[in-house]
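Listed here are the chains, written in short residue letters.
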There are 2 protein chains.
Amino acid sequence: MLDVALLGTSGMMPLPDRYLTALICRLKGKMLLIDCGESTQVTLKILKYGFKNIDIICITHFHGDHVLGLPGLLLMISNSNRTDDLTIIGPIGLRKVVESLLIVAPEINFKINYIEIKESVEKPIKISGFSIYTTDLEHKLQCLGYSIEVERKGKFDKAKAIKNDIPKKYWGNLQNGEEIVLEDITYKSDMVLGKKRKGIKVTYFTDTLYLEKLKEFARGSDLLVSEGLYGDESKKEKAVEYKHMTFLDSCKIAKGGDVKELWLTHYSPSLTNPEEYLEMAQEEFKNTNLGYDRKEKSLLFEEEGE
Amino acid sequence: MLDVALLGTSGMMPLPDRYLTALICRLKGKMLLIDCGESTQVTLKILKYGFKNIDIICITHFHGDHVLGLPGLLLMISNSNRTDDLTIIGPIGLRKVVESLLIVAPEINFKINYIEIKESVEKPIKISGFSIYTTDLEHKLQCLGYSIEVERKGKFDKAKAIKNDIPKKYWGNLQNGEEIVLEDITYKSDMVLGKKRKGIKVTYFTDTLYLEKLKEFARGSDLLVSEGLYGDESKKEKAVEYKHMTFLDSCKIAKGGDVKELWLTHYSPSLTNPEEYLEMAQEEFKNTNLGYDRKEKSLLFEEEGE
């Protein structure tokens, strides 16, 4: 099971009743955060997930509304007595940006590992059970889209274990993914497991022009969290000028990528009533839902929900 | 008349219902802000004072909770189409700190003038009608206390104007502070005005050890906004260790400095119920009031209130 919560839904600036867009994913107590604008730590406090177990922070791009909350959040994580390394993933220049922001917070008591994405590749970054994929978006500066996957091993296959002549006492270890080496023989977990089962996939896109390739990147996501700067399609031209997406743009990606559910977010401060455009969006992609601050959902593995 | 509003009352971290300590002063539409932690722009939005006319920002010291809101606020001011210079006053290293934080906000469309206070002097900095005095506090790093004074000219003195042989048509100009030069004669405003009247004074202290000299610096303030990290005097030792003040410390300054009113602020997140300690504080200094987010007051010149 993967818990997700949208920490905010605003674009450009934090509003009193709408914090900046950010998403937190929690897997067995370990957390991954995407984006961290000013006040992200405040909405996280309301959610009560804690700070200490944030292992990974993914930054889409270096505009203030996606990154200015980092020094305050890192101080909070430090105050929560974290000592384990923390990984920050982001565009080229990440270390320079974060270290520059940390000028007033020199006393962080854990190490930060920086992963700067020069160009997105197919191989995921694997940390704390999360498999992290990036894709290149198109904004005014380098900007990354993210897919977070939780992989799922196959079921234990007794017949296969017997066929492969695995000593019974190691069945449990192998089932848990361990490798057992006995003199000349190496037993691997795939020797007792059936074929890999469908995992959980969450995809996050903001701020970008609509790109056809995003359908493929998002394909099969259990949840797509994606930008809807404007609901009103008459503002499409303005969205394109500033390299952002409308509700319909995100709906097209959701539909084309055959995702299960879409949450819209990164609303313009001028979009005071997103509800007005929901019906139109649902005509394009039925399972469109409006994001709101601290909207939560537990995404289950396929059999879990049965 | 000077309007003041306490934007937040929290110390160390912004809380969902208690923003970080900062004070805004508004004089004839022009604004001066003291301190700018993360989310200061959000509480300012609730107050609806606008952003464009913030002419001066005074920073007490370079701990995150007093300065991390600066890049976001400067972006907001820039978005409000300000083109006039803005002045930031603070400890040594100010320019370096602010420019470092602005790494993700390069597009500010006004000039910032930096005034770094090496050591406090008696002469005020005068901008937009505010006379700004600083004093050196004692914290873990250089920290400044501020007094903001609004000076007040004397009343128009008709007998004096006649005695000084001022042509009647210039009385108005001179009363408004202008200087009139006519061939060999220079007419100055003090030739038509009575003696200078008492102005308005607001003093702001956080984060500091209790210092006797602060009574003198605060003397006669209409309002003292001062730190009360703890209400419970059993935490005095802890306050001293981290170089902070308790409720009683600020009350002693208020009493010794003969100020009119004290607002306590910069509460520890552990201080969930400041009311508990109010009565004790009022025994030390009667006109002690608890600060709360967006507590506002209009301070009047002496005759204005009569």
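Bear in mind the structure is a predicted one, so any value in this text is a computation, not a measurement.

Bringing the environment of A:Met191 into the picture now. All names here are of chain A. Structurally, Met-191 can be placed in the loop between strand E11 (185–187) and strand E12 (197–205). With 26 residues separating them along the chain, Met-191 and Asp-165 place their C-alpha atoms 9.3 Å apart. Beyond its immediate stretch of four places on either side in the chain, Met-191 contacts Lys-160, Ala-161, Asn-164, Ile-166 and Thr-186.

What follows covers the interface of chain B and chain A. The interface of chain B with chain A comprises 27 residues on the first partner and 27 residues on the second. For the pairing of chain B and chain A, the buried interface totals around 2200 Å² over both sides, and the portion due to carbon and sulfur atoms is 69%. The interface formed by chain B and chain A holds 0 salt bridges in total. For the pair chain B and chain A, the number of links is 8 residue pairs in polar contact (both at pLDDT 80 or more). Broken down by secondary-structure element, the contributors of at least two residues to the side of chain B that touches chain A are helix H1 (40–47), helix H2 (64–67), helix H3 (70–79) and helix H4 (94–101) of chain B.

Right, let's talk about the pairing of strand E9 (residues 144–152) of chain A for a bit. Residues and elements named next belong to chain A. Across the 9 residues of E9, 7 count as buried, placing the element largely inside the fold. Of the pairings in the sheet, the one linking E9 to E12 comprises 6 bridges and is antiparallel in character. Directly across from Val-150, in E12, lies its bridge partner Ile-200.

Let's shift gears to the confidence of the model for chain A. When pLDDT is low, close inspection of the predicted coordinates is not appropriate. On average, residues of chain A score 95 in pLDDT, and 99% of them reach the 70 mark or higher. Here the predicted complex carries an ipTM of 0.91, next to a pTM of 0.92.

This part covers the side chain of B:His244. Residue and element names in this part refer to chain B. Mapping His-244 onto the fold places it in the loop between helix H8 (236–241) and helix H9 (247–256). In terms of polar contacts, His-244 uses its side chain to reach the side chain of Glu-227, at 2.5 Å. Apart from residues no more than four positions distant in its own chain, His-244 is found in contact with His-139, Asp-207, Thr-208, Leu-209, Glu-227, Leu-229, Ala-239, Asp-249 and His-266.

Calculation criteria
- Residues numbered from 1 in each chain as written.
- Chains lettered and ligands numbered in written order.
- Predicted model: local features only at pLDDT ≥ 70, side-chain atom pairs only at ≥ 80, totals over all residues.
- Heavy atoms only, no water.
- Helix = DSSP H or I, 4+ residues; strand = E, 2+ residues; numbered from the N terminus.
- Contact = heavy atoms within 4.5 Å.
- Buried area = accessible area lost by both parts, 1.4 Å probe.
- Salt bridge = Lys/Arg side-chain N within 4 Å of Asp/Glu carboxyl O.
- Polar contact = N/O pair within 3.5 Å; in protein donor to acceptor, adjacent residues only side chain to side chain.
- Buried < 20%, exposed > 50% of the residue type's maximum accessible area, 1.4 Å probe, protein only.
- Pairing = 2+ DSSP bridges.
- pLDDT = per-residue confidence, 0-100.

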